[in-house]
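Chain by chain, the residues run as shown.
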Amino acid sequence: SVPVNSSVSLVTTSAIIVPTTCGAQGYANDELVTAVATNTGAATLYNLGFEVVELREANGAPPAVPFRLVSADGATCGSGGLVGARQTVATQIAPGASVTFQFRIALPSIRRFRFLVTAVAATA
């Protein structure tokens with residue numbers, strides 16, 4: 001997989017706080033972010049995913065448990081989902097096609113955080 005940010009438009013359509021699936025690991029809530037990824041390039045993208053570039057506290061002291069992308073491939077409430085984790089969202093996406101999906105982020109508390117991703121895929 002290679003970065004394909006220039007061939008993908010990512011638009012957040014909603015973000016809501018929901019009950020956590022990770023309460024036993026010290027998380028208070030989850031943020032469920034719905035997004036639409038569109039292939040704006042000329043080539044079909046295979047195994048389109050998003051890799052976490054940054055997922056951390058925005059201000060102040062870091063929380064006791066890390067913010068965690070629990071919807072990342074292979075992530076659990078206690079492992080994975082940190083910087084470098086990948087969430088695959090489509091096995092194949094043709095030029096001009098879109099896919100709707102959700103990021104689920106476990107929150108130690110409701111507080112400001114930074115979440116940045118890069119689009120990655122194979123083109124052949």
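Here's a quick rundown of the structure.

Calculation notes
Residues numbered from 1 in each chain as written. Predicted model: local features only at pLDDT ≥ 70, side-chain atom pairs only at ≥ 80, totals over all residues. Heavy atoms only, no water. Salt bridge = Lys/Arg side-chain N within 4 Å of Asp/Glu carboxyl O. Buried < 20%, exposed > 50% of the residue type's maximum accessible area, 1.4 Å probe, protein only. Disulfide = S-S within 2.5 Å. Helix = DSSP H or I, 4+ residues; strand = E, 2+ residues; numbered from the N terminus. Pairing = 2+ DSSP bridges. Core = buried A, V, L, I, M, F, W, Y, C linked by side-chain atoms within 4.5 Å. Contact = heavy atoms within 4.5 Å.

Some thoughts on the pattern of salt bridges
- Following the criterion strictly, the structure yields four salt bridges and no others.
- The partner of R56 in a salt bridge is E54, and the shortest N-O contact between them spans 2.5 Å.
- Judged by relative accessible area, E54 falls into the buried class, the value being 14%.

Describing the state of the cysteines
- Inspection of every chain in the model, using the stated rule, returns one disulfide.
- Paired by a disulfide, C22 and C77 hold their sulfur atoms 2.0 Å apart. On the sign convention where negative is left-handed, the bridge of C22 and C77, at about -70° about the S-S bond, is left-handed. Pair noted here: C22 is in the loop between strand 2 (8-19) and strand 3 (29-39) and C77 is in the loop between strand 5 (68-69) and strand 6 (86-93), with a separation of 55 residues, a long-range link. In terms of burial, C22 and C77 fall into one category: buried.

Quick word on the sheet that holds strand 2
- Here four strands make up an open sheet; going across it, the order is 2-3-7-5 and the pairing antiparallel. Each of the sheet's edge strands pairs with one partner strand only, and the pair in question is strand 2 and strand 5.
- Looking at chain direction, strand 2 and strand 3 are connected through eleven bridges and run antiparallel. Across the sheet, residue V18 finds its bridge partner in strand 3, namely D30.

Observations regarding the sheet that holds strand 4 (residues 45-57)
- The strand order 1-8-4-6 describes an open sheet built from four strands, whose pairing is antiparallel. With partners counted over all chains shown, the strands left at the sheet margins are strand 1 (2-3) and strand 6, one partner each.
- Pairing between strand 4 and strand 6: six bridges, direction antiparallel. Considered in strand 6, the bridge of F50 is made with Q87.

Side note on the nonpolar core
- Counting residues in hydrophobic clusters, the biggest one holds 25 residues, and the most contacted among them are V8, L48 and F50.
- Elements that contribute at least two residues to this core include exactly strand 3, strand 4, strand 6, strand 7 (98-107) and strand 8 (113-122).
- Ignoring sequence-local partners within four residues, the contact set of L48 consists of V4, V8, A37, R86, Q87, T88, V89, A90, I93, A119, V120 and A121.
- In terms of nonpolar packing, the next biggest core, distinct from the first, is built from five residues, C22, Y27, V70 and A106 among them.

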